[in-house]
Amino acid sequence: MTSTVATSKSEGTAQFPQTVVVEVGDNPNLIRDHIVWSICSFSMLNCCCLGLVALLNSVRARDQKLVRNLELARIFGNRARTFNIVSNVLSLLTIVIFLGIYAAAIGHVISSVKRT
């Protein structure tokens, strides 16, 4: 955080210093922790426990935001996002593979019924 101090003297017979302190820093609300996405990844189609890892990183990011350690909050938030992406891609691939196997099995059953 940066602090800026400005001092000025007021007009008149008595001179009193006037001090203004302005703090400029990062807004912790701008750092994303992806907690809702992590909860969804954890509860639905949790592939290889990646949803749990994403949820843990999201909670760590939120904790770091509360203690104003914004750099670690960004790191944990980015890790949570990465694990959520990998979890969702693997879950989607699993669904596509199972649907392909199911369609092939149905096709085989239909072709064997037509032969008889």
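Given the structure is predicted, the values throughout are model-derived calculations rather than measurements.

Draft legend 1. Quick peek at the packing of helix α2 (residues 50-66) against helix α3 (residues 70-115). Interaxial distance between α2 and α3 falls to 8 Å at its minimum, and their mutual angle equals 160 degrees. As judged from the angle between their axes, α2 and α3 are roughly antiparallel. Handedness of the α2/α3 crossing: left-handed. On α3, the residues touching L50, G51, V53, A54, N57, S58, R60, A61, Q64 and K65 of α2 are L72, A73, F76, G77, R79, A80, F83, N84, V86, S87 and L90. Of the residues assigned to the contact of α2 with α3, the class counts are 11 nonpolar, seven polar and three charged.

Draft legend 2. Geometry of the environment of N27. Here N27 shows up in the loop between β2 (17-24) and α1 (35-43). Since its relative accessible area comes to 38%, N27 is described here as partly exposed. Sequence separation of N27 and R68 is 41 residues, and the distance between their C-alpha atoms is 9.4 Å.

Draft legend 3. Layout of the pattern of salt bridges. Summed over all chains, the structure comprises three salt bridges. We note a salt bridge from R62 to D33, for which the minimum N-O separation is 2.7 Å. Within this pair, whereas R62 is found in helix α2, its partner D33 is found in the loop between β2 and α1, the two being separated by 29 residues in sequence. Residue classification places R62 among the partly exposed positions, given a relative accessible area of 39%. E71 is the salt-bridge partner of R74, the closest N and O atoms lying 3.6 Å from each other. Residue R74 and its partner E71 are located together in helix α3, separated by three residues, close to a single helical turn. Each of D33, R62 and K65 takes part in a single network of salt bridges with overlapping partners.

Draft legend 4. Region of the structure containing α2. If you check α2, its first and last C-alpha atoms are 25 Å apart, about what 17 residues at 1.5 Å a residue would give, namely 24 Å. All of the buried residues in α2 are L50, G51, A54, L55, N57, S58, A61, Q64 and K65. Next to the buried residues of α2 lie α1 and α3. Looking one or two residues past α2, R68 carries a phi angle of roughly 65 degrees, positive in sign.

Draft legend 5. Representation of unusual backbone geometry within the structure. Even without being glycine, H34 reaches a positive phi, approximately 55 degrees. Mapping H34 onto the fold places it in the loop between β2 and α1. Phi is positive for C49, close to 60 degrees, though the residue is something other than glycine. Structurally, C49 is set in the loop between α1 and α2. C49 gets classed as partly exposed once you look at its relative accessible area, which sits at 47%.

Procedures and definitions
- Residues numbered from 1 in each chain as written.
- Predicted model: local features only at pLDDT ≥ 70, side-chain atom pairs only at ≥ 80, totals over all residues.
- Heavy atoms only, no water.
- Axes fitted to C-alpha atoms, helices over the stretch in contact; angles between N-to-C directions.
- Helix = DSSP H or I, 4+ residues; strand = E, 2+ residues; numbered from the N terminus.
- Parallel < 35°, antiparallel > 145°, perpendicular 65-115°, else oblique.
- Left-handed = near helix turned anticlockwise from the far one by under 90°.
- Contact = heavy atoms within 4.5 Å.
- Nonpolar A, V, L, I, M, F, W, Y, C, P; charged D, E, K, R; others polar.
- Buried < 20%, exposed > 50% of the residue type's maximum accessible area, 1.4 Å probe, protein only.
- Salt bridge = Lys/Arg side-chain N within 4 Å of Asp/Glu carboxyl O.
- Expected span 1.5 Å × (residues − 1).

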